[in-house]
Every structure is written in structure tokens, then in C-alpha cells.
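Structural features, examined
Letter by letter, the chains look like this.
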Amino acid sequence: MKAVKRLVSARQELLRRYGMLLVLLVMVILASFLSDRFFTTANLMNVTRQVAINAILAAGMTIVIISGGIDLSIGSVIAISGALGAGVMAGGSGWVAGLLTTLAVGLAFGITNGLFIAYGQLPPFIVTLASMALARGFTQVYTGGRAIQVSNQTFQWFGHGYISSIPVPVTIMIVVYILGYLFFKHTKLGRLVYAVGGNEHACRMAGIRVNRVKVAIYGINGLLAGLVGVILTARLFSAQPTAGVSYEMDAIAAVILGGTSLSGGRGNIGGTIIGALIIGVLGNVFNLLNVSPFYQDVAKGMVILVAVLLDRLLHAGGRTIRKEVDSGTDKAESARA
Amino acid sequence: MAKERPAENRYVVRMKGITKAFPGVQALDGVDFDIIAGEVHALVGENGAGKSTLSKILTGVYTKDSGVIEIKGQPVEINNPLDAQRLGIRIIHQEFNLINHMSVMENMFLDELGQKPWGLVSYRTMRRRAKEVLQWLGLDVSPDRLVSELSVGEQQTVEIAAALSKEADVIIMDEPTAALTDAEVERLFGIIQRLRAQGKAIVYISHKLEEIMAIADRVTVLRDGRLIGTKATSELTRDEIVHMMVGRPLRQMYVRSRKPSSEVVLEVENLTVPGKVKDVSLVAHKGEVVGLTGLMGAGQHDVLRAVFGALPVSSGTIKVRGREVSIRSPWDAIRSGIGLLTENRKEEGLILPLSVMFNMSLASMDKVTRLGIIAHKQERSQADSYVDQLDIRTPSVDQQVEYLSGGNQQKVVLAKWLATEPEIILMSEPTRGIDVGAKAEVYRLIDELAAQGKVILLVSSELPEVINLSDRIYVMYEGRVAAELDATKTSQEEIGLYGTGGYTR
């Protein structure tokens, strides 16, 4: 009886866990048939570099969404952190000051979000919607609507450099995901992210200081937005007042494609990187085929819908079967009792 | 019981040889079940015995693998919930299916809304029909009131009203009294009597055997998906039903192996929670089980929450081993060696999507982490040892806790608190919604914990449980302690008298 159960849930589990990986593989195979330029080193390098930014943001967003929250502000936080960092460098400071300023501004915005959400007991959607507007507004005011050039070559390395033939942004992405994996698997905070997302009230009743956990979560997310601020500024040789517009949407899309539940408590960061790759490969293929960017958005929307629908079907199927079988184990157990 | 009727009309529902298998398990195995018009028919069994599968087949949530269902003598197929409704079968769930921000009448006629052309709604007709049904049920509530403004008991009556607003011959009630106060239970029973007198059949699913003895005409017992028997309630005793349910006589529900000492561990002095608890003082000794009881809303649950820091107090002191402690949050309480097993394990006790192991270490994360890093081996061996110690039935400690039965879930919550190594365990309704076998185990565990020297403060609305488990009992009335009684010398009647304000000091 147990064996049957294990078999059923194992197959479901396999499909659930690797379903999106399968989608990605199919897309890659299709892409290589559609364009012979797809599988060139230059192109693959290009894809991963494009994916890197969204993937780093999506890593932070995974934490936020598993905790039952959402963060709409990160696109604007990229802009404000980049602008202030570039401003510091334009004022004559070195790349270290520029780097630290950018990261610190991101962290500060994230922590502020967290404080309002936790201690103000406000919905994350509303708080981050407000700070999205605030951060974008500050950026426009600070830059006067013009880009701030960055000429420091060491700083530019964060967007254009290589570490043994791997682009720096990609290296950063890889490090972020390794840390993210370790965070969820081995740290107390990572565990509490799941717990708070699964049942916040029960966490409070178990003596978890939920408010601190939330501040930490949004702080981490802000810090990652700052990190992307560094990469983007370096990549463009300047801080643009319109940098990062709607980046939060791609990040959320990657998280959802990765199988993380928007209702919190369920999901994993490994899925997110696959989600980000799916979005990236899709865009790349369209570029290679010279499809208009307008159609790209249409296609992206459809892919997200179909993918999530598929996941939903698999997920729902898996759950009912497991539930029924499990009431069976109860039965067997009460028989033994 | 109902008057004799012509044979073909006697049975509203006959289910014969009903079989249902889920992958790897036989949930129902050739079960016969019939319902006579004008009877209250109790369906009992332990969790997983097949009660809910049977009622789900009757209401069209599941379809049977084999067997025959006859409604008033006609063989029928029930393939979905709509079929069941058309055949006059209604179910009132344990968790209500009401929409909180809609009015009473809108909830009652939910499936008729939008059936008129252009989606128009005749509120006048609806109000009139709602009033009729509500009046008949004796619920004095305006049809325009929002459901969210009603008490739990009133909400349940609205559910019944919704069921009655359409043609219903059979009404299935699944654990209908789980969230009701005594007075509300009384009223529900009154309604059931009237429905019965009208010739409606009630299928009554419950764990509470006292209620079944009081209200049911016949009892059907299921065990392991098989029919154990159907008998008139008048031919059965409570113990016989238990025997049929668990397949053996329960040796002893209550055990007392502990010896409370005179060493005071917990002192609560003049505790006041605005509007809920007034000037409550109590003490508890090492190795003692102290019962706290009273009518619903007399403040006993609030005392536990206040001591645990989950309710803000306006005045009062709490001393642990003579030392005054400041408790403003559950976190403070846990550090003072206090744990609280809440009355609603799914809402406050468990993180359902997480594993057994994660749930067990949740309240004591610091004990299994070093500098914020989880010590996996230690966490796992702790979980394994609690699974052994409390005899928790789960395939592994990695199992998601939502797939465990109620009794096993409750033991996981208990393990979570034991892992914090508390001196004082506050327990609020520790056996709510778990079956007879699991109850006996929880009783044994409470005795064992006290024997180890822990202090247990127990709140339960089941009086026999309070009397048989406790050493001393505080009876509360309107937020105050009305009496302190020796559990071995008191009776349900005496507690009832103090609990209703019968004696005043």
C-alpha cells in the first residue's frame, strides 16, 4: 500500500519538479532548429548575460513570494540606487564608494518596505506600490530626467568584465543562486521564510518574531535590487532615470514559472532560475528570428499563462491523489491502533 | 422512531454494497447504509473509517466503484453534487460555505441569483422566502444582515436554512457542533427534532458520543471501510459504540500515575484582560494537572492566551517558581518555560505545507541552530525521537503535516511544545476533533507529562474530560474564578452550578 503511494506521488513529484525543466529543454531544442545562430558561444553568452539581471531579481523575489508577500518596487529601486551610486562617482569618489552607495540605497529601500509591511501591518502590495512610485520619483528629481555618466573603468567591469571567460553578471548570478540554495536549505531565516508564508499566525503563536523576519526578507530583496543597480549602471556606462522599468514583472513571472505559489509557503529557488531562463530564451529566439518586440510581449504573456496552467493541472492532480491515498494510510493506521 | 410506512416509501435512501477504492487503498468495502424518512441516523467511526467517503459518495463528490443507490425505491446514479441536490440530498459542512460579506438571504439563495433574465434579482421575493424559513427555524435574524455579523451558531442555522430553502429530504450534518456553544447545541437539537417531525431524514456525523446518544434514532458504525453494524440507539450503550468503532474495548480512557507535589511553579495574580478576564488568580504545582472550565466565553481560553502573551493584559502578575516574569509576547512566554497548545491546530498550531520535522522544531529553532545555521542531524534525530515517544503515525518526518490525521497532527503540535522544554504547558481543547482512540492517547500523554514534573493548565469544554484529567479545577463565570474545586470530589452538576453563576461567594 505504501509502495503504491510512493509510486504515485513520486511520479507526480518528478513531473512537478522537472516539468518546467522539460519545457526549457524543448524550447532550447526548438530554438536550435529555428536558428543556426542559437547554439553559438557568442549567442549563449548573450542569453545568459541577459538572463542574469532578471534571474538575480527573481532570486530575491522568490524569497518574498514564498514568505507570502510581493515586491513591486524593485524596478524603481534599481533606478534610484544606480542614480545615487553614479552620482557619488560623478562627484569624484571612487568605484568602491559608488558600489557601496548603490548597494546601501537598495538595502535601505528594502528595509523601509519591510518596516512598513511588518510594523505598520500593511499589505506588501500597497506598500511596495507606493515605494515604486516614490523611488522612481526620487530618481527623476535627482537626475533631472537625464542620465548620469559613469566613466570609472573598474566600475564598468561589473557589466562588461569576465572572470575566466564567464561574464561578470553571470558569475554574480551563479553566486547568488548558490547562496540562495544554501540560504533556504541551511539557514534558520530561510526556514522561517517558508514558515511565515505557510501560516503567519501560527508562527507568531510559536514565538517567531515575524516582524524581524519580514524586515530581513524585504531588506535582502532591496539589496539584490541594488546589486542589479550596480550591474545595469556598469553595463550602460551610465545611470538612466528610466532604468529597471517593469523589471519586477519579469522577476515575478520567472518565480511563478518556477512553480512557486503566490499564496506563500511553497516553492523553491531552483525553479526560479529555470523560469528566468525560459523567459530569456524566448526573447532571444524572437530576436534571432527578427520578430518585432511587440509580438514578443504577446508571446511572453501566452507562455506564462500556458505554463502556469499546466503547472496548476499537474499540481492539482498530484494533490487530490495524495490526499485520497493519505486518508487511506490513516485508515490503515487506525486499524493498527 | 418514524411511524411505519409502506415498505417502498420507508427508505428515502438505500445504499447497497457500496465499494470505493483509491490508489492503493480500499476506502469502502461493500457497505450497506439506509436512511428512513423522519429519523436521525448517526454515522460514526474513527478518522479514516470511511464516513466521509460514504457521505461524499451520497453527495456526488466522489463516484462509487460499485454498488447500488436507491432513492425512494428508484435506482439512481449520483455523478456530481448537482445530481445529489436534485435528488433532495443536502450537506452541511463542518466548515461553513457561507460568503461572509453577503447578506443572510443572498447566501440562502446563492444558486438562484442570476437565474432571472438579465441577471436581475428580486430581493422582495427573496426576503419573504428567507423570512419564512428563518422563522420556522426560530432564528430571529433579519435576512438583510451580513453573515459576518452573526455568531457561529447563527451562521450554522443560516446554512441549514439554505439547505431547507430548496427541496431537501436528507440533510447530512458533518460534525455540526464542533464550534458551537452549549446553548447553540441545544437549539440545533431543537431544530433537528422539528426537521425529524416534518419527515426529513438527518444523517448525523460526529465524534461526540454523548450527542449521538441524545439525538440519534439509529447508529451505523464503520471501521476500516467496512460496515460493523446498524442498530437502534436504544439498544446500545456508549461503551458498546466505542467497542464497535475501535474493534476492542478501550482499556481505560483515563490514567492517573502522577503524584502532584506541593511545590508551586506557576502563580497568576489578579490577571485582567479588558472585557474578557477579571481579576483572575490561580496557582499550579509541580506535576499537577489544573483544569480551567466554564461556559463558552467565560474567559477560560482567554486566561491561557493572556498568560502566554497572546492577549494584552491590563493588569496582573505572573510568577514562575516565585520569580515575576514579564510576558508581552509568545516569545517572552516560551523563554519563561511556557508553551500553549491552541484549540485550533490548523489555524494556529501548524504550518500545514511544511513537514512534520519542520513543524516540530518551529518553536525551538534556536535549539537546533548554531549562528543561524540549521543542525540537520540534530533536528532529524529530535523529530525521530518524538515520533517514537508520542507514537505519531507518519510515513516519515518529511511528510507534509497536512496529510496527517487530526490526532497525529495534534501530537505534532505537542511535540513542538515539548521541544521547547517547557515547565508549564497550557492546553486549550487538546482533544477537539480527534477520534476516541487518539483521545485516550492524549490523555495518557498528559498524565505522563505531569508525572515528569511538568505543570499542565488544561482548558476543555468537555466536562468529563476536565474532571477525569485534572487534580484541581477552577470554574470560571463571566471572566472571574467562581470556584476552586478538588477534581476527585466534585461532579458535573457542581461545576455546572458554579459555571452558570449558581453559587456566589
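Residues numbered from 1 in each chain as written. Chains lettered and ligands numbered in written order. Predicted model: local features only at pLDDT ≥ 70, side-chain atom pairs only at ≥ 80, totals over all residues.

1. A word on the overall build of chain A
What chain A contains, in helices and strands, is 13 helices and four strands. Classification of the 337 residues of chain A by burial places 50% in the buried group. (Helix = DSSP H or I, 4+ residues; strand = E, 2+ residues; numbered from the N terminus. Buried ≥ 20, exposed ≤ 12 C-beta atoms within 10 Å, placed from the backbone.)

2. Section: the overall build of chain B
Along the backbone of chain B there are 18 helices and 22 strands. Computed over its C-alpha atoms, the radius of gyration of chain B comes to 25 Å, within 12% of the 23 Å expected for a compact globule of 505 residues. Overall, the C-alpha framework of chain B stretches about 70 × 50 × 50 Å when taken along its three principal axes. By the burial criterion, 48% of the 505 residues in chain B qualify as buried. Long-range pairs, those at least 24 residues apart, make up 67% of the contacts in chain B with a sequence separation of at least 6. (Rg over C-alpha atoms; globule rule 2.2 N^0.38 Å. Contact = placed C-beta atoms within 7 Å.)

3. Quick look at the environment of A206 of chain A
Relative to the helices and strands, A206 of chain A is located in the loop between helix 9 (200-205) and helix 10 (210-236). When near neighbours in sequence (up to four residues on either side) are disregarded, A206 of chain A contacts P330, L362, A363 and K416 of chain B.

4. A look at the domain arrangement of chain B
Here the domain parsing of chain B yields domain 1 (1-88 + 168-249), domain 2 (98-166), domain 3 (251-337 + 422-505) and domain 4 (348-421). Computed over C-alpha atoms, the centres of domain 2 of chain B and domain 4 of chain B are 43 Å apart. (Domains from an automatic or database assignment.)

5. What to know about the confidence of the model for chain A
Residue and element names in this part refer to chain A. Within chain A, residue pLDDT values average 87, and 87% of them lie at 70 or more. No element of chain A has a lower mean pLDDT than helix 13 (residues 293-336), which averages 59, and none a higher one than helix 4 (residues 95-119), which averages 98. Low pLDDT, under 50, characterises residues 1-8; the stretch is placed with eleven contacts to residues that sit more than four places away or in other chains. (pLDDT = per-residue confidence, 0-100.)

6. Considering the packing of helix 3 (residues 74-90) of chain A against helix 11 (residues 247-257) of chain A
All names here are of chain A. Relative to each other, helix 3 and helix 11 sit at 130°, their axes nearing to 6 Å. One way to sum up the angle between helix 3 and helix 11 is to call them oblique. Along its contact with helix 3, which presents I74, G75 and I78, the element helix 11 presents Y247, E248 and A251. When its residues are assigned to classes, the contact of helix 3 with helix 11 shows four nonpolar, one polar and one charged. (Axes fitted to C-alpha atoms, helices over the stretch in contact; angles between N-to-C directions. Parallel < 35°, antiparallel > 145°, perpendicular 65-115°, else oblique. Nonpolar A, V, L, I, M, F, W, Y, C, P; charged D, E, K, R; others polar.)

7. Considering the sheet that holds strand 7 (residues 170-174) of chain B
Residue and element names in this part refer to chain B. Strand order in the open sheet formed by six strands is 6-7-8-3-9-10, and the pairing between neighbours is mixed. Either end of the sheet is taken by a strand with one partner, and the two such strands are strand 6 (89-92) and strand 10 (226-232). Between one strand axis and the next, the sheet turns through 20° on average, direction left out of account. Where strand 3 (residues 40-44) lies against strand 8 (residues 201-205), four bridges are found, and the strand directions are parallel. Note that in strand 8 the partner of H41 across the bridge is V203. (Pairing = 2+ DSSP bridges.)

8. As for the sheet that holds strand 20 (residues 455-459) of chain B
All names here are of chain B. Taken together, six strands build an open sheet; the order of strands is 16-19-20-13-21-22 and the sheet is mixed. Of all strands in the sheet, those bounded by a partner on one side alone are strand 16 (338-341) and strand 22 (480-486). The mean inter-strand angle of the sheet, taken between neighbouring strand axes irrespective of direction, is 20°. Bridging between strand 13 (residues 289-294) and strand 21 (residues 472-477) involves five bridges; their strand directions are parallel. Looking at the pairing, L292 lines up with Y474 of strand 21. Packing of helix 16 (residues 436-451) onto the sheet brings it into contact with strand 13, strand 19 (424-428) and strand 20, and relative to strand 20 it is tilted by some 145°.

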